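A look at the structure
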Amino acid sequence: MFHFSLLSSYLTETDEGYLYEDVWTEYAADLLSSVFLYAAIALAAVLIAVGIFVRLKKPEAFPSFFKVAATCAITFAVTVILTMVSIGFAKIAEKGYAQRENGLLELAPPLVLGGTIVVGITAAYLSRFFSPKAYKITLITSLSCIGAAFIATVACLIVYFTQTVSGDGWYGEKIDQLALYLTAGGLIVLIVGAAVVSDLKNKTRFDSRCIALAGICIALSFALSYIKMFSMPQGGSVTLASLLPVMLFAFVYGPKKGVFVGSIYGALQAMQNPYLIHPAQFLLDYPVAFAAAGLAGAFNKIAKLEKLPQVKFALGAVVAGTLRFAAHVFSGVFAFGADAGGQNLWAYSTAYNSYVFVDIAIVIAVGVAVLSSKNLVKRLSVYANQKKTPTEEN
């Protein structure tokens, strides 16, 4: 039950005036996260139970049920996203960020980048209902706008670091800029290189259906990222298999497309409680860390494991989780060393970011269960080979 006495802590008098504190928005976010957690589990249980029943009693009706189930899942995801984003904006207003010095500079870049990504994906999806030429033009325009927003975000972070963080007497004292840039660049080369090498024979195109599924998977992952098992005190959380949709996309379409979609999802993650103090730290904690999720499909073409999709997915997920962990560890050591309180930076960052392995273990468990369904694996192979269904052919 909400205690209205908490409102008394909304404003606390300090030497500088009044300090805004977390009140109803933090409470609402935690409460809704718990509600959505149980609702997601209940919805999944009902859909699985009904799906099994339909599959056993009336197999020919299963494709229709699958579309209904997907619609329910997407509707739930949109509800979660709209609700939690609204709470996020309320939190911004409550804490008075817009009135604080550099407040808009701190918040605007991730919000603009995230909004550009959402609008771009939506426009690309809608254009597929017109003509191939309209789709191509819209796709190029959307990607160009996303790229421009990304560059603008990095530029704003450079300005923000120079004007605010570099001389703050806290983070500015511990940041190792050269190490941040080198580790971010090194991980980018490693992740992209691994995706290209493991996906050389993949000839699938980034067609309209692929774009649509990418948008759906990103939306599902983004919604699930709000449903948290627990949160870490200084950022990071264990969620309800939030990376699973993005990883399944990578498993179906290959790591090259998976890394790209993962990086887009990572940029969207910067909208959730953004903690950005340096451009290279932004890269490590968001686009690079989640681009690694695309390597979930790195083992999908191994012939010896052809009949073991669960093993192929689990191996890819372990690699993806390990590289995401490395990105967060490097960020912790070279950007957030001030938070270690005098402890060994490597030991502190390694221990703190170990929650990543709990998060990826949940993804593997659910992913293995999902890929144990032969019917679902068969349907996924249709997408992987970019075959058209009878309805699409007509």
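First things first, this report covers the structure right here in the doc. (Residues numbered from 1 in each chain as written. Predicted model: local features only at pLDDT ≥ 70, side-chain atom pairs only at ≥ 80, totals over all residues. Heavy atoms only, no water.)

**Here we look at the environment of Leu 180**
Considering the arrangement of structural elements, one finds Leu 180 in helix H6 (residues 177–198). Separated by 104 residues in the primary sequence, Leu 180 and Leu 284 have C-alpha atoms spaced 8.2 Å apart. When residues no more than four places from it in sequence are discounted, the contact partners of Leu 180 are Ile 175, His 278, Ala 280, Leu 284, Phe 330, Ser 331, Phe 334 and Ala 335. (Helix = DSSP H or I, 4+ residues; strand = E, 2+ residues; numbered from the N terminus. Contact = heavy atoms within 4.5 Å.)

**So, the packing of helix H7 (residues 208–224) against helix H8 (residues 244–253)**
Orientation of H7 relative to H8, taken along the N-to-C sense of each, is 155 degrees, at an axis distance of 7 Å. For the element pair H7 / H8, the angle class is roughly antiparallel. Where H7 abuts H8, its residues Arg 209, Cys 210, Leu 213, Ala 214, Cys 217, Ile 218, Leu 220, Ser 221 and Leu 224 lie against Pro 245, Val 246, Phe 249 and Tyr 253. A per-class count over the contact of H7 with H8 returns 11 nonpolar, 1 polar and 1 charged. (Axes fitted to C-alpha atoms, helices over the stretch in contact; angles between N-to-C directions. Parallel < 35°, antiparallel > 145°, perpendicular 65-115°, else oblique. Nonpolar A, V, L, I, M, F, W, Y, C, P; charged D, E, K, R; others polar.)

**Regarding the pattern of salt bridges**
This structure, assessed with the given rule, holds 1 salt bridge. Residue Arg 324 pairs with Asp 359 through a salt bridge whose shortest N-O separation is 3.1 Å. Placement of the pair is Arg 324 in helix H11 (residues 309–334) and Asp 359 in helix H13 (residues 355–370), with a sequence separation of 35 residues. Given a relative accessible area of 6%, Arg 324 falls into the buried group. Overall, the relative accessible area of 2% leaves Asp 359 in the buried class. (Salt bridge = Lys/Arg side-chain N within 4 Å of Asp/Glu carboxyl O. Buried < 20%, exposed > 50% of the residue type's maximum accessible area, 1.4 Å probe, protein only.)

**Overview of the packing of aromatic side chains**
Per the stated rule, a full pass over the model turns up 13 aromatic pairs. Relative to Tyr 286, the ring of Phe 282 has its centre 6.0 Å away and its plane inclined at 35 degrees; by these criteria the two rings are tilted. Here Tyr 286 and Phe 282 lie together in helix H10 (residues 279–291), a separation of 4 residues that amounts to about one turn. You'll find Phe 282 and Tyr 286 in the same group, each marked buried. Aromatic ring contacts, followed pair by pair, group Phe 150, Phe 282 and Tyr 286 into a single cluster. (Phe/Tyr/Trp six-rings, centres within 6.5 Å; stacked < 30°, edge-to-face > 60°.)

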